[in-house]
Every structure is written in structure tokens, then in C-alpha cells.
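Coordinate analysis (summary)
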Protein chains: 2
Amino acid sequence: MRIFLPVLICMTLLAPGRADEGMWLLNAPPRERVKRDYGFELTDPWLQRVMRAAVRFNNGGSGAFVSSEGLVVTNHHIGADALQKLSTPERDLVQQGYLARTRAEEISCVDLELNVLLEIEDVTDRVEAAVKPGMPPEQAVTARSAAMSTLERESLDRTGLRSDIITLYQGGAYHLYRFKKYTDVRLVMAPEHDIAFFGGDAHNFEYPRYNLDVCFFRVYEDGKPAVTRDFLPWNGAGPQAGELVFVVGNPGRTNRLDTVERLEHLRDLTLPYRLSRVRHAEANLLQYAQLGPEQARQAQGEVYSVANARKAYAGQFQGLLNNNIMATKRAAQKSLEERFASRLPDAASAFQEIARSQKSLSAFEREYFLFEQAHAFDSELFTIARHLVRLAAERPLPSDRRLREYRDTALESLELTLFSPAPIEAELEKVRLADSLTFAAEVLGGEEPTLRQALGPLSPELRAAEVVAGTGLFEVAERKRLAGLDAASLSREKDAMIQLALAVEARSRSLRKRMESEVEEPERRAYALIARGMFALEGPTMAPDATFSLRLAYGRVGGYEVGGKQIPWFTTFGEAFELAAEHHNAAPFRLPRRWLDGKARLNLETPFDFVSTADTIGGNSGSPVINRSGELVGINFDRNRYGLVRNFVYTDHQARHIAVHSRAVLEALDKLYGANELLAELRR
Amino acid sequence: MRIFLPVLICMTLLAPGRADEGMWLLNAPPRERVKRDYGFELTDPWLQRVMRAAVRFNNGGSGAFVSSEGLVVTNHHIGADALQKLSTPERDLVQQGYLARTRAEEISCVDLELNVLLEIEDVTDRVEAAVKPGMPPEQAVTARSAAMSTLERESLDRTGLRSDIITLYQGGAYHLYRFKKYTDVRLVMAPEHDIAFFGGDAHNFEYPRYNLDVCFFRVYEDGKPAVTRDFLPWNGAGPQAGELVFVVGNPGRTNRLDTVERLEHLRDLTLPYRLSRVRHAEANLLQYAQLGPEQARQAQGEVYSVANARKAYAGQFQGLLNNNIMATKRAAQKSLEERFASRLPDAASAFQEIARSQKSLSAFEREYFLFEQAHAFDSELFTIARHLVRLAAERPLPSDRRLREYRDTALESLELTLFSPAPIEAELEKVRLADSLTFAAEVLGGEEPTLRQALGPLSPELRAAEVVAGTGLFEVAERKRLAGLDAASLSREKDAMIQLALAVEARSRSLRKRMESEVEEPERRAYALIARGMFALEGPTMAPDATFSLRLAYGRVGGYEVGGKQIPWFTTFGEAFELAAEHHNAAPFRLPRRWLDGKARLNLETPFDFVSTADTIGGNSGSPVINRSGELVGINFDRNRYGLVRNFVYTDHQARHIAVHSRAVLEALDKLYGANELLAELRR
């Protein structure tokens, strides 16, 4: 059956009005489509409350307030980074989980920042006004960046809120988002890794699933639980088959508006490079983890992260190699070009502009990733070293002339991570740096000048050992000392990691400049023309591509068919026990002791996970699934394999996102975890 | 300490007479060096007996006769392929091991062929005579290949022995090897995987080690154990510190005579490609193995094989990225070029010729690997399909005009594998083919014409599923039927795997032709000039590079120093128990139940594994380690991490091969396995 998927995708695309497609802006919601297809009215108060109940995890996920006292739910795999940073060789919170029975037992996270979106302002005209007609790309980049910094600074000064400008439609629009920022975040409850990630990598991006992929935090203000009036009441019954649900969160990145030439570039260059990189890192980390339980503990977060990326990229790659999908894209683009040709010749020529920028990009993309994106230096200490080097260089400049990540309004969040006391493991740093330097040599050859400058005469393994042994950046106090130095003084420091960062700085910056002026700026202009052309022809029928900013998706709860077999829309606790038994409770199909011992207390009919057609992607992890009444009925944590091509095309044929059922959480908290305080708060 | 290794390598290379370097030909043994350094006389009878006691495993390893009744010892990891083919979901011989208590319990292997070298004849002049001066490369290839086939055919007809011509010195010499061939091979004894591969991938290419990496087979003739007069008596005491030992086996491939430009090509193109390929396959196989114990069983052989290759390639790559090693190579080549320049201008210009052939190679090497070497089609069924397609095309030609692997003298061995009843797992075939097609797309892009011909409009995953579902090659009877068809009839068969092989056949053959005429033939001529030049200047002071043919290495038993710490030359049983306890007996540091239960019976002081300076490489796995008296004192199974650069440079500073101690085998067979018959035979 699977081999007929392409045909069905075509059919779906030919009837675009039917599908639940779109990751919609909260200030441009799909009112008419939802009304037409589901008879539900998206009102302003409903939208406003949902927007303010949604929480962005700055490490790449989503969540939501579920009480008026700052309680946040997200996924275990989104909370895992914070759990890891609180763990020690003796107490592994990622594996064992945690439960604070009282507020006093809630543990402060070391560097977690949560953001809540309060207001959106369209500033497209003011950003575009900074770029004068005929400006060469390099000047345009600077002018636009300065305008954005100024707008953000003004907003921060006026409102006191974190203010970030979000680029939409690949450059077609700019919106200023104002966030309330929480940095006192405390861990409330996490289940064991084995039940949060039951099935492991084998079941990642698959369905049916059996995961209690949830984690609870609480935000504090002035040492007290924050008052969060806008929250989602926990609906303990959960959704029904066919029910309309919404997913509100921060989808990371899609490419649905990308041109065919851009997709070909992704297929033939970017994705092969990325796949190769994550496979490299994964093999290295797995070998390190094999050395013993402590090494496995240190590496677990990275292992999950690269394995997840590998599966996601692999799915995208398969999609782009499917010529039926590409043919659909080609036909759509051709039709658009033809319609533009007569009425909007500028927009028609924009496609060629984007094709040209892909050609430019091909000449230096891998170098850009390796040096400027630091793929050659996969090391937390290198990240710190580079920030210190760049801070020293950028600080003397006026804020609106700096590299964007060092503008005044960004420094507070940067310092939270730069001076984080989170542990950094020397041996893991060494093998990661050695592996990434090796990867760079595989990509660029053994005599590439910048790489050779980084290596000296040594092999990557010997050089990585030398650099990690020769740096003092493990110590926060040392980082603070170095952060106080000016550029000249810093360059005289003997620290080996600082020297490594300095050695590759000139080349990295020049690659960034090239990327901005030869690729990003021409693309931004071209996509802006295309987006405006589409609006002119059709009105705002298409949501912008995902950009890790807040979006609203909607869909219908329901199963699907594979090879003539009906896949039910929900799984149960009982099925999880059956699967574990089939695998003799061996990893990754191992249930925690607590579950095995407590089985008799559980209602095995309890729905565990469920699926709906709502349009999600990575970054939506931890997003609340919400019913018409604005109550939480699930926590999104994944999508199935058919959803892996969602970066490029949406179909509701078999593609589904997967969520933990709200009732499963209550049942487990009650019968297995004895989390009475937490339960009471959720039921209040 | 490790970072000073390069300096020491330089020192070692500057005093070439000192080191125990060389994988020597049995017909050109290092008599003078061994006499000079160890005072030992390599006599003809000693050499002849050792040569005829050595056994080549055609799946890529070595072994030796250890009784007059056809008993062969090798490594568990060399026997594993045969063990896997005898296993079922219910009985996993790789994991559980096996012991035949009587001859009747010895199990026949399904397609294992063992070769014993009886005679060597130098046929360089007769091969070279076929190539006339001024012949264009393409003709030279054909002429040389025809001459070789004729010589082999004559030898087989005259002696009845398998006759293969081996190319030495990259084309500097041709020797005809005559083998006795055994195809009735039966399994006698294998220990459990957990003790054979204790420490797993983490300890592969590391030392200290604790592995009982042995496996016993017996060769039969006419249904009875073969009479093997030349065998190595088992010395139960084992070696002493400082003792001279020999390793006799079939080292697979070294590149010590390669020119600098060739090494740069390996560093910048071949090794990055190969690393990327094995990482790709490894990630895929590990994911498949995660699905459950049966999938893990099916994939285990391949998992070992790609993980082992990954570590070996990675070590070579680190070595070539070490500019200190490359500088030494450059200096040596420069000095040779200068000495040639005045006396042997032809030899001097040969270096340029090799540099040119690397340039040619760069243009199509990856396509050659992917299509002609079938890296894009990693499937046992594809291998069979290609053989069937080529057999049909080649059989009508005279034997000396065919592709070399289809000459008359090779057909019997080919059919052994082609019609092997060894199980082929459909799901594993599917994921391997999908993964390798995906890899090809990553390397070549999504629109490469031959690949697109292989894929049709589908993605690699969908296409692999289609092809594996549409082939009848799982059945030996079907293979035999297809092998009976002529080319025209075969091309009309609907079998999807045959059609896939046909679809890529023209391109694959043209890449092979290009490789032969643009690279191999010019290189063969150039290396022949260099080799003869070196002989003219210095005499035969250098052994030829390894070519998976029989070689003799020698060295001294002894430990080494790392970072000021002395690493002892042997490990003990007791240390293995300690290590397992530290790891809570968790994989890969898990001892078999039999070992845990039998610990009290064991002498824990028994030497387990040991190291010597003898010069080995992959393919030497299973090689006997022999003392002056021609007795077996160990079974080589690995080398340490410092030995990974041995492909390019030999040093005895820290590099060591690793062997199972002969006493460890007796102690385990006696106290743990109760293998009384086998013990009696070894002690006879």
C-alpha cells in the first residue's frame, strides 16, 4: 500500500481547500476555514487566552500553563535538557524521573528560559523602509538589521518585554513579538525515561505509540509561583474520535513555500551534508556511551538529539527523492509563474533569483556550516569561547551595528547560557571535538587552510585532546574573567579553546558575510515578491512557513489505514504492557519497575496516546492539544513516519501528529506516582 | 604522551633496519634480518611446513591446522559468518557457541571454502611478456588478463590445484599460487559470543583485551577427516616475554609503497567516502537490530563487519591527517625520486604517472564504487542477480576473454556461494537495499541518471520494498533455473532484482573499463618501474604490500608504555572477571553464564591475551602465532589503536598485534567447556 502514497499526495494537493493544512499566525488565524469545515468560531478572547497560555521553551520546544500558579506541562524530551543539567553520576534525573511532593521540593533549573507571547505587532513597513531601492545587498543587510535592532530596543524600553522581530514568508513580512520572560523555572515532575521514551529510537516517528512523554515545571517570580491567569484547564476525559482539536506551539521549520530549485538544493546538497553530519556524531556518541554507564549518562541527551535529527532528515530526504512529490511541486510552481508572468513580472522573475542564490550557496555552504555554524567544533566549550571572542569584538560597537545575537536586547539571555553552571564533561568534549574536526576533514580534505589552521600539524584526535586539556573554560569564574577583557587582551590569553576560536574567526565571519549578502538578502527580496504576488492573486490562503514562533494548527482526531489495515486513533496502557512482555521487557521496550509493580492498580483500558490530522513539525514537541472549550486534552510529542514529508507537503491521508492523552497523565499520576498535590492542582 | 607519537615514528623510520617490519613472501623470507636480529635460521623445511599448515578462509581471514586430522583453528569472528549461516531464530550459534562432543556432532558449513597454499611460482616475465611496448592501456589490460587466465588454466589442468595469480608490489611482480581447496568444512567448537568479543566495539582495536576469540573447524575429504600432515603442534605453555614469534596468515591490504599523491587521494577522497558509507550502513543496521532480538540476530554479522571497518578506516584517516606522518612520507619519496633521477629516469617519472592516475580517478571513483562495486545495492540478492546477469553474458566468451571472476578456473568457487542455501532475510535485505540506495542519492544527488534508472520515480525506501517483494532469488532452485538461461532469455524475466541488475549493467561495466584503463593499468606500469628501481638500488629490502595472500611476519613478545604507564604484554582470566564486575556484567562487558558459574574451577592467573611487535593487518585475523620450534603459541585476532596506521607506516614503539594465548584456550576447554575429545586431539 505504501508505494501508492505519492498518488494520494497528488490528489490531496489538487484539492487544497479540504485538508487541515497550516501552521497559522495567532494574529491571522484561519477563522473562515475552521468555520467552514468544523462550524467553529475562533473568537478573539479564545485566541488571546490560548496565546498567553502557550509557553516557548528556548531550547527548542513548546508547552502550556495548566494552572493559575505557574504550572507548565511539556514533553519529557523537552524537559530532558534541564533534567540532565540537574543530574550527577549518582542521581540521574533523566532516567529515574522526579516528583516534588511539595513546593519546597521543586528544583531550580540552571539555565532554562521560558517565553510567553503577549503581543504581536506587524512592523513589515518599518523594516522594509530601511532598505532603499537599488541598495547593494551588503548595505541592505546592515540597514535592515539596524532597523530591526532599533525597533526591538524601542519596544523593550517602552514595554519592558522581551521584543523579537520574526521574519515570516521567508522575508515577505516582519512581526514584532513581545514576550514575558521567565528565568526562575523549577522542576515539578518527570516520569522515568523508559516510559517517556518507550520504544526508543525504533519507535521514534512511528505509530502506534505508548509514551508518557510529559514533564511538569513551574515558573516563579520574586521567589513565588508566578500568577498565570491565562492557562488551559486540564480536561480529564480527553478527546473523542472525529473531534476538532487545536495544537498551539512553536513549529521549528518548514519549507512549503520554497521554490523547486531550493528544494533540489536541499535534496542534493544540504540534506546529504546534514545526514552525514548527524550520522557521524551519532556513531561517535554511541561509541562513547558504550564505555560504561556514566559515559552513557553523560551522552544521553546528545544521543537522543542526533538520532532524532537523523530520522527527521532521512524522512525529508526520502520525500524529496520521490519524484511524484517533486513533480507536484514543479507543476504548482509552473502554474504560479505563468499566472505571475502577465500581471506581476517582478514576482515571476523572483524564481530565477532564488535559483541563482542556490548556485552561489553551493560554492560555500559546507564551509559556512563547518566554520560559521561551528559544525567542525562540536563542543560546548568552543561555543563559549566563540561567544567570548565575539563579545569582545562586538561590545565596543553601537548595538544596532553588532552581529544580531550580541545586540543589547539579547545579551541577558545570552549570559544565562554563557555563565551557566551546568556541568561540562571533559572526556565527552574531547571525543565530540575530535569527531567534528574529523568530519570537517572528511568534507574538506586534509589540507583546507582554515581547518589546517585549527589542527596545526596534528590529527583531529590528538588536536582535540590538546585543546580540551589546555582550556580553563570549564570554570564559570574563568569565563566571567575573560568576558571582562577587551579584544586585544583576550587575544593574548593562552587558553587553547580561545585560541582555537580566534584562529578560525576571520574565515567564519567572512563566510557569514557572504551568506548574508549572496544568499539570504537576495532570497529575502525574492520571496517577499512571491509572497506579495500570491497575496495579490489569492489573498492570505497560505500560512507562512514555520520559524519556531507561535502558531495555531487544527485538525480532526482520527486513525488511518495502512495496507488495508485500520490503525486506531488511540492506544491503551494494556497494549504497552503486552508489547513490553513480547520484548521480555528489554530496552528499548522496557517498562519502569514502578509500572510493572503497579500494573494491577491501573485501568488498562486507559487511552495512552492518540493522533489527529493537525499540522505540526519539530518544535511543536510539548504543544498542548486543545478542544473547542480551550481545555487541554493532550500533549503533542511526535508525528508518524508519513508526517516526515510535512516539511514540504501536507496531507491528511496517513500523516498524523501524536499526543499523550490527557486521561493517561491523570491515571498514571494517581495510580503509579501518588502525585496527589499535582493532581489536585490539575483538577482545581 | 600520545601527542609525541609522530616524532617517534620519524625516528623509527630513519632507522629502518631496527624494526620488525614486513609481511614477507613465503618464497622470499627475511632470512638475513631474522638471523641478524634474533639469531634464528629460517630453514626451508620450517618454512614449507608452516606454509602448508596455514589456512586461508575465503571470507577474509586466516587459520591453521592444529592436528593431523584436519582440525583448523581460527578466530570466532572469522568463523562467525559460517556460524550465522547455520543459525536459526531458535538456535543462535553465534551467540551461544557450539561444541561437537564427537565427530558425528560436527556440523557441515553451507558455503565455506578453505585454501591451503602448496606451491608458489614466479610468473612475472610470462605475464609481462603479454603486454607489448606501446600497447594502449585498454589493450594491455585485455592482454595481461588473458595471459593470466591462460597460465592459471594450464596450472589447474596440470596439477589439479586451484591456481591464482597474485599481483605483488602494486604490479611489480606476479606469482602463481597453487592451493589445495577444501569445501567440506565442519564446525567443531565455538565459544559464546560474549567471551569471544568481550568488550565489544568499545574494546575493538584496543589493548589490554580479554577475548577467547577462537573457533575450531575440521576439513573433510570424501566424507572423512582430511589427513593433514603439515600442522602446528599446540604448545600449551605459550610464549615468554621477549621471545621471537612469527605470524603466518593473509594480511588484507596495506599501502606502504603507495606514493604521496596516492595517499593524499586516499585521505581526501577514498577514506571520507568509505567512512561515510560504513557509518551509513552501521546506523541503519543498528536501527534494524533495535526492533527486536530476532532482528538483532539477523543483523549481528553485518553490524560487526561495518563497525570493524569503521574503526579501521577511522584510524587510517587520523594517521593520514597527521602531518608529521605525511612529512616523513614526502621526505622519503623525494629522496627516492632524487636517487632515481640520475640513474633511472623512467622510475623517476613514474611518480608523476601515479599522480595523474589519481586525478583521473577523482572524476569517477564514487560512481565506480556505487555502481560497479555495488555499494548502491547492498543486498545479497543483488549480488546474486548481478552474477546471474554477468554469467549469462560472459559464458559464451572464451574463458581468457571473460571478466576475470568468470574465468573457468573460478566458476566452481563462485557457484558455491551463488547456490548456497544460507538463509537470506527479506526484511534485512529491504532495509539494506533502501539504505544503500539512499546513500547513493546522498553522494550523487537525486537526478543522477543511472541511479534514477535504478529508482524509477520512487524514493529509495519505496523502491527497495518493491524490488525485494518482486524477486524470486530467495530460492536456490530459482537461481539455478535462471543460471541456465542465455542473456536474451534472462533479460525477459520479470524478476525485479534481475531487472535492477540489468538496468545498471551498462554503466557499471563502462566504469569498470575506465578504472582498468585509466587507473589500474597506468598504475601497474608505474609501480612496476618504481619497484624495480628500488630493487636495483637497494635489493629486496622491502616486503610487498599486503594483498590477502600468505605472508610471514616476525616480532618480539613484549608490552609498551603509554603516558608513562607500562602496559603488560599479557592479560589474565582474573582481570576479565574484575572488568566484568566493574560493569555489573552488562554488555559488552558481560561474561557468559558458563564463565561466571565456572570461575572457581579456573586458574585465574592463566594468561588470556598477549601482544607482540609482529607486523599484521586485517586479514591476519585467525593467524597462528608460532614459536621457533614451529609450534602454535597463540591465535592473532586484532591490533591495538597504535597499529591502525600500519596501513601506511610500521613502528614497534607502541603498535602491537593481539593474540589469544595458547594456554588460555586449553584452560577454558578443560575447566569450562569439558571439551575432552578436542583437548586430547590438541595434546596428541
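A short tour of the structure in this document, coming up. (Residues numbered from 1 in each chain as written. Chains lettered and ligands numbered in written order. Predicted model: local features only at pLDDT ≥ 70, side-chain atom pairs only at ≥ 80, totals over all residues. Heavy atoms only, no water.)

1. Topic: the packing of aromatic side chains
- All told, the structure shown has 50 aromatic pairs over all chains when counted by the stated rule.
- On the basis of an interplanar angle of 55° and a centroid distance of 6.1 Å, the ring pair of Tyr368(B) and Phe369(B) is categorised as tilted. Comparing Tyr368(B) with Phe369(B), the two get one shared label, buried.
- Each residue in the set Tyr273(A), Tyr368(A), Phe369(A) and Phe439(A) is aromatic and connected to the rest through ring pairs, giving one cluster. (Phe/Tyr/Trp six-rings, centres within 6.5 Å; stacked < 30°, edge-to-face > 60°. Buried < 20%, exposed > 50% of the residue type's maximum accessible area, 1.4 Å probe, protein only.)

2. Things to note about the pairing of strand E11 (residues 215–221) of chain A
All names here are of chain A.
- Of all seven residues making up E11, six are buried, and the element is well covered by its neighbours.
- Alignment of strand E4 (residues 71–74) against E11, held across four bridges, turns out to be antiparallel. Residue pairing in the sheet places Thr74 in a bridge with Cys215 of E11.
- Alignment of strand E10 (residues 184–190) against E11, held across five bridges, turns out to be antiparallel. Bridge assignment links Leu187 to a residue of E11, and that residue is Phe217.
- In terms of strand pairing, E11 meets strand E12 (residues 224–225) through two bridges, oriented antiparallel. When the bridges of E12 are listed, Tyr220 appears paired with Pro225.
- If you look at the hairpin formed by E11 and E12, you'll find two residues sitting between the two strands, and Asp222 has a positive phi there, around 50°. (Helix = DSSP H or I, 4+ residues; strand = E, 2+ residues; numbered from the N terminus. Pairing = 2+ DSSP bridges.)

3. Observations concerning helix H15 (residues 380–394) of chain A
All names here are of chain A.
- With 15 residues, H15 should cover 21 Å at 1.5 Å per step; its first-to-last C-alpha distance of 21 Å lies within 8% of that length.
- H15 sits mainly inside the fold: twelve of its 15 residues count as buried.
- For H15, every residue scored as buried is listed here: Leu381, Phe382, Ile384, Ala385, Arg386, His387, Leu388, Val389, Arg390, Leu391, Ala392 and Glu394.
- The residue sitting at the N-terminus of H15 and contributing the capping side-chain oxygen is Ser379; that oxygen lies 3.2 Å from the backbone nitrogen of Leu381. (Expected span 1.5 Å × (residues − 1). Polar contact = N/O pair within 3.5 Å; in protein donor to acceptor, adjacent residues only side chain to side chain.)

4. Brief notes about the environment of Ala289(B)
Residue and element names in this part refer to chain B.
- Relative to the helices and strands, Ala289 resides in helix H10 (residues 260–290).
- Measuring from C-alpha to C-alpha, the distance between Ala289 and Leu428 comes to 9.5 Å, with 139 residues separating the pair along the chain.
- Setting aside anything within four residues of it in sequence, one finds Ala289 in contact with Gln295, Ala296 and Ala299. (Contact = heavy atoms within 4.5 Å.)

5. What about the packing of H10(B) against helix H11 (residues 293–321) of chain B?
Residue and element names in this part refer to chain B.
- Two numbers describe how H10 lies on H11: the axes approach to 8 Å, and their chain directions differ by 155°. Comparing the axis directions of H10 and H11 gives the class roughly antiparallel. Considering how the two elements wind past one another, H10 and H11 form a crossing that is left-handed.
- Residue classes in the contact of H10 with H11 are distributed as 22 nonpolar, three polar and six charged. (Axes fitted to C-alpha atoms, helices over the stretch in contact; angles between N-to-C directions. Parallel < 35°, antiparallel > 145°, perpendicular 65-115°, else oblique. Left-handed = near helix turned anticlockwise from the far one by under 90°. Nonpolar A, V, L, I, M, F, W, Y, C, P; charged D, E, K, R; others polar.)

6. Topic: the sheet that holds strand E20 (residues 632–639) of chain B
Residues and elements named next belong to chain B.
- Across the sheet, which stays open at both edges, the eight strands sit in the order E1-E14-E13-E19-E20-E21-E18-E17 with antiparallel pairing between neighbours. At either end of the open sheet lies a strand with only one pairing partner, and these are strand E1 (24–25) and strand E17 (570–572).
- Of the strand pairs in this sheet, E17 and strand E18 (residues 607–612) are connected by two bridges, and their pairing is antiparallel. The residue of E18 that forms the bridge with Thr572 is Pro607.
- Sheet strands touched by helix H2 (residues 31–38): E1, strand E13 (244–249) and strand E14 (551–556). Its angle to E14, the strand with the most contacts, is close to 10°.
- Running at roughly 35° to strand E21 (residues 657–661), helix H26 (residues 662–671) makes contact with E18, E20 and E21 of the sheet.

7. Digging into the relation of the copies chain B and chain A
- If you rotate chain B by 180° and push it 0.0 Å along the axis, it lands on chain A with an RMSD of 0.0 Å. Both chain copies can therefore be described as sitting about a two-fold axis.
- Looking at the interface residues of chain B, 100% of them are also at the interface in chain A, so both copies use one shared face. (Least-squares fit on C-alpha atoms with pLDDT ≥ 70 in both.)

8. Section: the sheet that holds strand E14 (residues 551–556) of chain A
Residue and element names in this part refer to chain A.
- Taken in spatial order, the eight strands of this open sheet run E1-E14-E13-E19-E20-E21-E18-E17, and their pairing is antiparallel. Whereas interior strands pair on both sides, the edge strands pair on one side only; in this sheet they are strand E1 (24–25) and strand E17 (570–572).
- Relative to the sheet, helix H24 (residues 573–582) contacts E17 and strand E18 (607–612), its axis offset from that of E17 by approximately 65°.

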